[in-house]
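Architecture and fold: a report
Chain residues, written in single-letter form:
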Amino acid sequence: MHSTPLLYSVVIASAIPLVFLFIVKWLNFFDTHRPRLIVVALVWGAISMGLSYAVDHPLVPIFGRPMVTVRIGPFVEEIWKSLILLYLVTRADYTYFVDGAIYGFAVGIGFAVAENMLYLSRVDVNTGLIVAITRAFSSSVMHGSSTALVGIAVGGFPMARAVHPLVALVIGLAVAIAYHMTYNHIALLALGQEGLLIICGLAFAGLALVAAAILWGLQRERRRLRKSLGMKARVSKGESRLVQRIDDLDDLLAPVEERFGEDKRDEVANVLVLGAQLAMKQDQIRRTRDSELRAELAAQITDAKRELKRRRHDVGIYVMSYVRSIVPKTTWSLWARVEQALSALQPPVTNLWELAAARVAGGAPSAQGMHAHVWEALRERAYGQDDAGNRQ
């Protein structure tokens, strides 16, 4: 009889945190993260919970639970959770700090799910459902957000990898530990329903901060893609324009879905995302100085080019040609381009039309246009024939 509520508690305490991880993962529409590394991060999060418990629990009788909960616990837990990030962000699979945010959030969720199971093992079945719901929307989100903040710092935000990863780790840990301490301090005050609302708000404030950093990073990568995309990345100009508006793909590829079907639309989207990933990897290999990492990136770039060619072939030449025509090449007219080119050679006060008028009015015959030359030649021929006829 008690198995059903217990099952509900276990599902809620594990599934809801994973839903939050899916939301954070979904924000990265470049899909630069690797699913297997997310699994590695989740597993390490669960392991780090056991390691943290092995350190924290013996200290409770010595320093008291409030001291361990508010002062010692956040230090121990955040350090154990974050160690895996130094490994993940130094791999060729890592592209930019948004990956660090996702891997960090995955570590925190793995930690939270394992800790939720520990708490459920200590309460009765009826209380377990309340504990599961409360922790799913509070401490689970907090753990994910705190480690994501470390991942963001280690991944190069906002210093773009200008400092050593260990220094970035210390900075990220300082922010995460302060956030974790604040959360635990409020939770320990036992303020009742008001306190529950406060800690949930604090947890979701951390999640909002992580989401804002991810969205900012995506905007920055879009700007960088404008410089990286091109023939070197084997991405056509039409595809490049679509990739730069990749967050609008649902709207941009609607004509593809209407004309060729949903499956073909998904194939096209995969081609565009892969093109973006390839350009980002090429930008990354230009910026890195680590020879071992460059070798790994070079192999991945070669594989990505091969995969991009294969996927384009699967989509088909006709469909890809249609896709490349979706976004207009430019909002400038040909005359605007000509005027811009001429303005670089002429004084800035002279525009295209003034220049043309001056040449028509006072230019030498060599400055006349094609039609003027043709008309003059026809007149000379006509007059020449007339003179010949008169002489006869």
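Reference entry: report on the structure contained in this document. (Residues numbered from 1 in each chain as written. Predicted model: local features only at pLDDT ≥ 70, side-chain atom pairs only at ≥ 80, totals over all residues. Heavy atoms only, no water.)

Let us look at the packing of helix H5 (residues 97–120) against helix H6 (residues 125–136). Put simply, H5 and H6 touch, their axes get as near as 10 Å, and they point 160 degrees apart. Regarding the angle of H5 to H6, the classification is roughly antiparallel. You can see that H5 and H6 cross each other, and the crossing is right-handed. Residue-level contacts link Glu-115, Asn-116, Tyr-119 and Leu-120 of H5 to Gly-128, Val-131, Ala-132 and Arg-135 of H6. A class-by-class count of the residues in the contact of H5 with H6 yields four nonpolar, two polar and two charged. (Axes fitted to C-alpha atoms, helices over the stretch in contact; angles between N-to-C directions. Helix = DSSP H or I, 4+ residues; strand = E, 2+ residues; numbered from the N terminus. Parallel < 35°, antiparallel > 145°, perpendicular 65-115°, else oblique. Left-handed = near helix turned anticlockwise from the far one by under 90°. Contact = heavy atoms within 4.5 Å. Nonpolar A, V, L, I, M, F, W, Y, C, P; charged D, E, K, R; others polar.)

Right, let's talk about the side chain of His-143 for a bit. Its place among the elements puts His-143 in helix H7 (residues 139–154). Note on His-143: relative accessible area 2%, which makes it buried. Setting aside anything within four residues of it in sequence, one finds His-143 in contact with Glu-77, Lys-81, Gly-108, Phe-111, Ala-112, Glu-115 and His-180. (Buried < 20%, exposed > 50% of the residue type's maximum accessible area, 1.4 Å probe, protein only.)

If you look at soluble globular proteins, the nonpolar side chains tend to sit buried side by side. Judged by nonpolar contacts, the single largest core of 47 residues is most densely connected at Leu-88, Phe-105, Val-150, Val-210 and Ile-214. Elements supplying a minimum of two residues to this core: helix H1 (3–27), helix H2 (35–56), helix H4 (65–88), H5, H7, helix H8 (165–188) and helix H9 (193–228). With 10 residues, H5 is the largest single contributor of residues to this core. Those residues in contact with Leu-88 that lie beyond four places of it in its chain are Leu-37, Ala-41, Tyr-94 and Tyr-103. Counting 17 residues, the second-largest nonpolar core is a separate cluster that includes Ala-269, Val-271, Leu-274 and Val-315. (Core = buried A, V, L, I, M, F, W, Y, C linked by side-chain atoms within 4.5 Å.)

What the largest pocket holds in volume is close to 920 Å³. Considering the residues around the largest pocket, the lining is formed by 38 residues, among which Thr-69, Glu-115, Tyr-119, Arg-135 and Asn-184 are closest to the centre. Those elements that provide at least two residues to the lining of the largest pocket are H2, H4, H5, H6, H7, H8 and H9. Residues of the lining of the largest pocket, tallied by class, amount to 20 nonpolar, 12 polar and six charged. (1 Å grid on protein atoms, 1.4 Å probe; cavity = no way out; pocket = protein on both sides within 12 Å on 5 of 7 lines; lining within 4 Å. Points joined across faces, edges and corners; volume = space filled by probe spheres on them.)

Now for H7. Between its first and last C-alpha atoms H7 spans 23 Å; for 16 residues at 1.5 Å apiece the expected length is 22 Å, and the two agree. Just beyond H7, the residue with positive phi is Gly-156, at close to 115 degrees. (Expected span 1.5 Å × (residues − 1).)

Moving on to unusual backbone geometry. Among all residues except glycine, the phi angle is most often negative; among peptide bonds, the trans geometry is most common. Positive phi, close to 55 degrees, is recorded for Ala-190, a residue that is not glycine. Within the secondary structure, Ala-190 is located in the loop between H8 and H9. Here Ala-190 falls in the exposed class, since its relative accessible area comes to 65%.

It is worth spelling out the pattern of salt bridges at this point. Close approach of charged atoms allows side chains of opposite charge to pair. Going through the model one piece at a time under the given rule, you end up with six salt bridges. Residues Glu-78 and Lys-81 are paired through a salt bridge, measuring 3.1 Å at the closest nitrogen-oxygen approach. With a gap of three residues between them, Glu-78 and Lys-81 both fall in helix H4, about one helical turn apart. The two residues Glu-78 and Lys-81 agree in class, both being buried. A salt bridge links Asp-314 to Arg-310; its shortest N-O distance comes to 2.8 Å. Linking Asp-314 with Arg-310, this pair stays in helix H14 (residues 291–315), spanning four residues, or about one helical turn. The exposure class of Asp-314 is partly exposed, given its relative accessible area of 40%. Looking at Arg-310, the relative accessible area reads 43%, which means it is partly exposed. (Salt bridge = Lys/Arg side-chain N within 4 Å of Asp/Glu carboxyl O.)

What follows is about the packing of aromatic side chains. Counting across every chain of the model gives three aromatic pairs. Summarising the aromatic geometry, the rings of Phe-20 and Phe-137 are spaced 6.0 Å apart at their centres and angled 90 degrees between planes, so their arrangement reads as edge-to-face. Of this pair, Phe-20 sits in helix H1 while Phe-137 sits in the loop between H6 and H7, and the two are 117 residues apart along the sequence. One aromatic cluster in this structure is built from Phe-20, Phe-137 and Phe-204. When the ring centre of Phe-111 is taken as origin, the NZ or CZ atom of Lys-81, which lies over that ring, is 5.3 Å away. (Phe/Tyr/Trp six-rings, centres within 6.5 Å; stacked < 30°, edge-to-face > 60°. Lys NZ or Arg CZ within 6 Å of the ring centre and 35° of its normal.)

Turning to H14, a few remarks are in order. Here H14 spans 36 Å end to end across 25 residues, near enough to the 36 Å set by a 1.5 Å rise per residue. Those residues of H14 that fall on the buried side of the exposure criterion are Leu-293, Leu-297, Ile-301, Ala-304, Leu-308, Arg-312 and Val-315. Backbone geometry just after H14 places Gly-316 at a positive phi near 105 degrees.

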